[in-house]
Amino acid sequence: MIAAADFNITKVERSKLNDINLENIPFGKYFTDHMLEVDYEDGEWKTVEIKPYQPLLMQPSMAAIHYGQAIFEGIKAYKGPDGGAYMFRPQDNFKRFNISAERMQMPQVPEDIFMEGMRTLIKLDSNWIPDKEDHSLYIRPFMFSTDEMIGVKPSDKYKFMIILSPTGPYYNTPMRIYVEEHYVRAAPGGVGYAKAAGNYGAAMYATAQAKKQGYDQVLWTDAFEHKYVQECGTMNVFFIIGNTAITPGLEQGTILAGVTRDSAIAVLKDMGFTVEERDLSINDIIDAYHAGVLYEVFGTGTAATISLIKELKYKDFSMKFDIDRWRTAPELKKRLNDIRYGKAADKYGWMYKI
Ligand code: COI
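Residues numbered from 1 in each chain as written. Predicted model: local features only at pLDDT ≥ 70, side-chain atom pairs only at ≥ 80, totals over all residues. Heavy atoms only, no water.

Draft legend 1. The arrangement of the overall build of the protein chain in detail. Scanning the protein chain from terminus to terminus reveals 7 helices and 19 strands. The globule rule puts the C-alpha radius of gyration for 354 residues at 20 Å, and the 21 Å found for the protein chain is close to it. By principal-axis analysis of the C-alpha atoms, the protein chain measures approximately 60 × 50 × 35 Å. Within the protein chain, the fraction of its 354 residues that count as buried is 52%. Carbon and sulfur atoms make up 49% of the accessible area of the protein chain, which amounts to about 16000 Å² in all. Each charge class in the protein chain can be summarised by its mean position, and for the 41 positive and 47 negative side chains these summaries are 4 Å apart. (Helix = DSSP H or I, 4+ residues; strand = E, 2+ residues; numbered from the N terminus. Rg over C-alpha atoms; globule rule 2.2 N^0.38 Å. Buried < 20%, exposed > 50% of the residue type's maximum accessible area, 1.4 Å probe, protein only. Areas by Shrake-Rupley, 256 points an atom, 1.4 Å probe, with all protein chains shown as cover. Lys, Arg positive; Asp, Glu negative; His and termini not counted. Charge placed at Lys NZ, Arg CZ, Asp CG, Glu CD.)

Rendered as structure tokens:
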């Protein structure tokens, strides 16, 4: 058992906080004063170091930058009405992190390093949590292989780190989405369910093609028929069809088991929707659109929260939505935010006091 008392903590002499304007901060650009770093060597995790945020020194042969054994998580911390700091469902991210680690043949990170590490680091940098609607402290735990050897094999050495970034909304405006039917994000048996760094790098080419045509992100479809929808950009995706909320299911291992996705499912059920986690084809989406029962489409994610999709483009056909008339996604976002910012009772037990 590792406790915070065992951590080696070196504090900054002077905080950078005064140099940064926490109003209107872009996503992921600024980092707090401290970071957490711990090495895995000889089959065990060494001493946890919390120290001033600083560059890493590495050999050009470091395995992660050659073969991509690298995973990460995204969690948010909020300032509660009592002035205290709260994380949203961090245990779920901890569990998912180790699921990703297993898939990428990396060691498990012990719960006390991950959870106590986050708590201690956030306590130290708690002044950095923005006190503003739609803003939060984004927590980025990550791990990568550090063997200095370019043979292709699982590394013997790893580094686990946590950095913190005060942040505003990820997607600022409602999105135009291109339904992808050529490139593939994930196939059954692949790594789609893992939060592996390479999943994001591999998505960039198709996303860039869509952006050239004026779209913000792609909606991925299945690898075999390009018929069933999967994920959208860095988000899970929901379709409100009639009184049913439909989101792709997790069984095939091709999409990320989003924590915001899971939270949205619970809140939508509370709002009176039937929620179905299942295959949904683009043809069924188009049929619902023509029938006038495709009411809303939105993405969910830690970074993205709830992001409205105002257009879906499939082949030559564009489905356009009058988002000003939407009630469900805005209500879902409000209910989630009220829990996060401590304005509503946390009836699901999602908030974790730091
Ligand atoms: C998150 O929602 O935390 C993500 O991982 C998206 C990120 C790649 C910006």
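What follows picks up the thread again.
Draft legend 2. Representation of the packing of helix α5 (residues 259-270) against helix α7 (residues 328-340) in the model. Where α5 contacts α7, the two axes come as close as 10 Å, and the packing angle between them is 110 degrees. By the angle class used here, α5 and α7 are roughly perpendicular. Facing Thr260, Ser263, Ala264, Val267, Leu268 and Asp270 of α5, the residues of α7 in contact are Thr328, Leu332, Arg335, Leu336 and Arg340. (Axes fitted to C-alpha atoms, helices over the stretch in contact; angles between N-to-C directions. Parallel < 35°, antiparallel > 145°, perpendicular 65-115°, else oblique. Contact = heavy atoms within 4.5 Å.)

Draft legend 3. Region of the structure containing the packing of aromatic side chains. For the structure on display, the rule yields 21 aromatic pairs. Relative to Tyr215, the ring of Tyr178 has its centre 5.7 Å away and its plane inclined at 50 degrees; by these criteria the two rings are tilted. Here Tyr178, found in strand β10 (residues 175-179), pairs with Tyr215, found in the loop between α4 (197-212) and β11 (217-221); they are 37 residues apart in sequence, far enough to count as distant. Centre to centre, the rings of Tyr348 and Trp350 are 4.1 Å apart; their planes meet at 15 degrees, and the pair counts as stacked. Put simply, the rings of Tyr40, Trp45, Phe94, Phe97, Phe114, Tyr158 and Phe160 touch in pairs and so form one group of aromatic residues. One cation-aromatic arrangement involves Arg176 over Tyr215; the distance from NZ or CZ to the ring centre is 4.5 Å. In this structure, Arg340 packs its charged tip against the face of Phe88, placed 4.9 Å from the ring centre. (Phe/Tyr/Trp six-rings, centres within 6.5 Å; stacked < 30°, edge-to-face > 60°. Lys NZ or Arg CZ within 6 Å of the ring centre and 35° of its normal.)

Draft legend 4. Inspection of the side chain of Arg185 at higher detail. Along the polypeptide, Arg185 turns up in the loop between β10 and α4. The exposure class assigned to Arg185 is buried, which follows from its relative accessible area of 14%. Separated by 3.1 Å, the side chain of Arg185 and the backbone oxygen of Gly192 make a polar contact. (Polar contact = N/O pair within 3.5 Å; in protein donor to acceptor, adjacent residues only side chain to side chain.)

Draft legend 5. Examining the domain arrangement of the protein chain more closely. Looking at the assigned domains, one finds that the protein chain contains domain 1 (4-169) and domain 2 (175-340). If you average the C-alpha positions of domain 1 and of domain 2, the two centres end up 28 Å apart. Taken residue by residue, the interface counts 21 residues in domain 1 and 22 residues in domain 2. Summed over both sides, the interface between domain 1 and domain 2 buries roughly 1900 Å², with carbon and sulfur atoms accounting for 58% of that surface. (Domains from an automatic or database assignment. Buried area = accessible area lost by both parts, 1.4 Å probe.)

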